[in-house]
Amino acid sequence: MLSGWEKNTLGRYFRLWGGAALAWVILVQAAASFAQTGQTPESLGRAYRESPTPARRQALEKFAAGHKDVNGALAHFTLGVASFEQKQFPDAVQHLSAAQSRLPKLADYVASYLAAARLETGDSPAAARDAASVRAAPLSSPLAARSMVIQARALATSGAAREAIRMLSEHYAELPQPDGGLALAMAYEAARDLPNAVAYYQRVYYGYPDGDQATRAAAALITLRDAMGAAYTAPAPQQMIERGNQLLAQREYPRARSEFQALVAQLTGPERDQARVGSGAADYLDGNVAAAYQYLRSLEVSSPEADAERLYYLVECARRLNDDDEMMRSIQKLAKHYGESPWRLKALLSAANRFLVTNQHEKYAPLYKAAYETFPNQPPAASCHWKFAWDAYIHRTHEAGELLREQLARYPAHPSASGALYFLGRLAESEKDYDAARAYYTRLSALFPNYYYGVLARERLVQPKIVAAGPSPKTARFLETIAFPPRKSAGLSQPDAQTSLRIARARLLKSAGLPDLAEAELRFGARNDAQPLLLAIELARTANAPHERLHNIKSIAPDYLSMSLEDAPPAFWELLFPLPYQKDLVRNARQQNLDPYIVAALIRQESEFNPQALSAKHAYGLTQVEPATGRSLARLAGVRRFSNRSLFQPATNLKLGTYYLRALLDQCGGQWEQTLASYNAGKSRVNDWITWNTYQEPAEFVESIPFTETREYVEAVIRNAAVYRQLYAAPAGSHKATRPRASHRPPAV
């Protein structure tokens, strides 16, 4: 007799997909194991991989030996994977061989791990055969590229190095790096093509300075240099510089500094200049700003590229030292001598952003304009143009409308498109052109239904003057010229054959206690050949906690906000907008006279409903309360025996978080936009920001927030609240969205 928990576990996937035959067969077999032993390969496999004790291994081996069905094969597979991870390669071969013929749906996984284990035991011919079978599988495998590297290594060590070279060269762009480069270097070395071997070992060593591959490449290069003598080809100077740059990118600043300083003695010409500048850059990035500033100011280089980089880091040093005059002098030198250098673009952005956060619009506006005019095809151009256009709008200049239309025409796929449409609508209203305003809001609501500005557009569309408006042929013609990205279609009906197979494979992997491989299978399918949103739902449902489900589904379906609620079933949206801890959430919201949906929206943005969330700033729990704030709030809210750990308790955290939110709302006069900005960035900053301009509506304040994180936070919480209300409060079939409210009478949840 199955317990209730077992029935729920077995039936969950069956109910979700309406009884796909393959999944049901697997579940029936698993049910038999449940009933007979109370143990599963999933529970045993998970436990063993998490803590590989002898007792846990023995339990998994006993299960594998006692089950001749799919569950026994899964147990063997898990033992094989775990043995491989523990570098017990003969054991891995034994268990993977036992599973090989019994898991046809996972044949590529078994073969790939078996090939890798056999390669480590020296059985190269068998390893090559197993790896080749992965690439020959009818369904593309997440392990195909990895298996190609294994196959090439096996071929190279069994007398077929030329075949390995051909295969790796033809598919080099597909290979995982640096493993692919290392395998190709080894194949060239096995074929006695030493110059090419050197070239690829150098690619690995200089391009990927961290990890075992770089160590192996370095050892091989020493051996080859000794063997080749004068025939050894030294690395290109730019390759050597790249190693230092990679270390900078990995924030290995002391190592990068040492690398660059060593290169100064080895290199000449432009690359030596770059190494000298790189040494100063490493100092700056490591926090030694004053030292870097003095060094770079005194440094003289002849290379234009190196000098442009030097001037950029002088801009950064001066910015950090609050020396705006020196910062602008370096900006001017970049404009005069290196006007089209990428380093000038970076300097323009840095200086403009500095002036933006201090509200010096007469200084930041021309810098943003110079950036998008000089570098129109670079990714930052869109946001620079938007900031310039917004500056024109908020200061009510005559060119604002033209700049907003230009924003749409030039950058229709940029996130600013929704804001441009909204404020074009507001401009039209100010000019009493309600027909045009209605056209802008209608298009905005259709394209970006769950964006912040989409919510605002729906509010405008119910205003009497907009409702009474007619068509606007001129606006319609303009909007037809804009190449907006096509709206995503969810395609959420039934899974097709490819999607069904991906789901079945992922469930088998999860049943083996290998959730990481199950997740990789679903993500690979979503990127390549299956229905992404169906796989997103599947991935979300395999997680154990609401915050894990939310994180998983967002990672596969990042553009869900451009979908309307009708585009996907309620289950999709409820995974994206969960409502755990509902009883405590509603009770505390009501006690503080708050809208429960905005509380839920705030938690979704703060912690994704992870009660154990701990930020880098030491904010705790669902509502991300800092201990000092929590301690002072606890006295006011009547929470006894407060401790930092108590902030991980949902009931306590919700009590303190809602108390704080209510206090901020009162301080901000009931203005949600200001309240949320204060929650994220602090009330003192908001007090400053609200004096910067004369805001005619809350959206103008939001768009003027200089911190990107805070601006996006405010927009996200307000739009999330609208979605929560549509999902949980509106009558069936109704998707009326309203703004968050202080709520004298919160709606029922």
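It should be emphasised that the depicted structure is a prediction, and the values quoted were computed from it without experimental measurement.

1. Focus: the overall build of the protein chain
Then comes step 1: Of regular secondary structure, the protein chain possesses 41 helices and zero strands.
Then comes step 2: For the protein chain, the C-alpha radius of gyration of 30 Å lies close to 27 Å, the compact-globule estimate for 749 residues.
Then comes step 3: The C-alpha extent of the protein chain, read off along each of the three principal axes, is 80 × 80 × 60 Å.
Then comes step 4: For the protein chain, the proportion of its 749 residues judged to be buried stands at 53%.
Then comes step 5: Residue pairs at least 24 apart in sequence account for 61% of intrachain contacts in the protein chain once pairs closer than 6 positions are excluded.
Then comes step 6: Roughly 33,200 Å² of accessible area belongs to the protein chain as shown, and the carbon and sulfur atoms make up 51% of that amount.
Then comes step 7: A distance of 6 Å separates the average location of the 86 positive side-chain charges in the protein chain from that of its 74 negative side-chain charges.

2. Notes on the confidence of the model for the protein chain
Then comes step 1: Considering every residue of the protein chain, the mean pLDDT works out to 92; 91% of them sit at 70 or more.
Then comes step 2: Between residues 30–36, whose pLDDT stays under 50, and residues either more than four places distant or in other chains, the model counts 17 contacts.
Then comes step 3: Throughout residues 741–749 the model reports pLDDT below 50, and contacts reaching past four residues in sequence, or to other chains, amount to 30 contacts.

3. Looking at the packing of helix α20 (residues 342–357) against helix α22 (residues 380–394)
Then comes step 1: Between α20 and α22, the shortest axis-to-axis distance is 12 Å and the interhelical angle comes to 35°. The handedness of the crossing between α20 and α22 is left-handed. Here Leu345, Leu349, Asn353 and Leu356 of α20 come into contact with α22, specifically with Pro380, Cys384 and Lys387.
Then comes step 2: Of the residues assigned to the contact of α20 with α22, the class counts are five nonpolar, one polar and one charged.

4. Section: unusual backbone geometry
Among all residues save glycine, negative phi is the norm, and among peptide bonds the norm is trans.
Then comes step 1: The amide bond that connects glutamine 177 to the next residue, proline 178, takes the cis arrangement and shows omega of 10°.
Then comes step 2: You will see that lysine 87, though not glycine, has its phi angle at about 65°, which is positive.
Then comes step 3: Mapped onto the elements, lysine 87 comes out in the loop between α5 (70–85) and α6 (89–100).
Then comes step 4: Looking at lysine 87, the relative accessible area reads 64%, which means it is exposed.
Then comes step 5: Its identity as a non-glycine residue notwithstanding, asparagine 593 has a phi of 60°, on the positive side.
Then comes step 6: Along the chain, asparagine 593 turns up in the loop between α34 (582–591) and α35 (596–606).

5. Let's talk about the nonpolar core
Then comes step 1: Counting 214 residues, the largest nonpolar core has Phe77 and Phe572 as the members making the most contacts within it.
Then comes step 2: The dominant element in this core, judged by the number of residues it contributes, is α22, at ten residues.

6. A short note on helix α11 (residues 179–190)
Then comes step 1: Here α11 is twelve residues long and its end C-alpha atoms lie 16 Å apart, about the 16 Å a rise of 1.5 Å per residue gives.
Then comes step 2: All buried positions along α11 are accounted for by Gly180, Gly181, Leu182, Ala183, Leu184, Ala185, Ala187 and Tyr188.
Then comes step 3: Taken together, the buried residues of α11 touch α9 (144–156), α10 (161–170), α12 (194–207) and α13 (212–228).
Then comes step 4: Of the residues one or two after α11, arginine 192 is the one with positive phi, at around 65°.

About the cut-offs
Residues numbered from 1 in each chain as written. Predicted model: local features only at pLDDT ≥ 70, side-chain atom pairs only at ≥ 80, totals over all residues. Heavy atoms only, no water. Helix = DSSP H or I, 4+ residues; strand = E, 2+ residues; numbered from the N terminus. Rg over C-alpha atoms; globule rule 2.2 N^0.38 Å. Buried < 20%, exposed > 50% of the residue type's maximum accessible area, 1.4 Å probe, protein only. Contact = heavy atoms within 4.5 Å. Areas by Shrake-Rupley, 256 points an atom, 1.4 Å probe, with all protein chains shown as cover. Lys, Arg positive; Asp, Glu negative; His and termini not counted. Charge placed at Lys NZ, Arg CZ, Asp CG, Glu CD. pLDDT = per-residue confidence, 0-100. Axes fitted to C-alpha atoms, helices over the stretch in contact; angles between N-to-C directions. Left-handed = near helix turned anticlockwise from the far one by under 90°. Nonpolar A, V, L, I, M, F, W, Y, C, P; charged D, E, K, R; others polar. Core = buried A, V, L, I, M, F, W, Y, C linked by side-chain atoms within 4.5 Å. Expected span 1.5 Å × (residues − 1).

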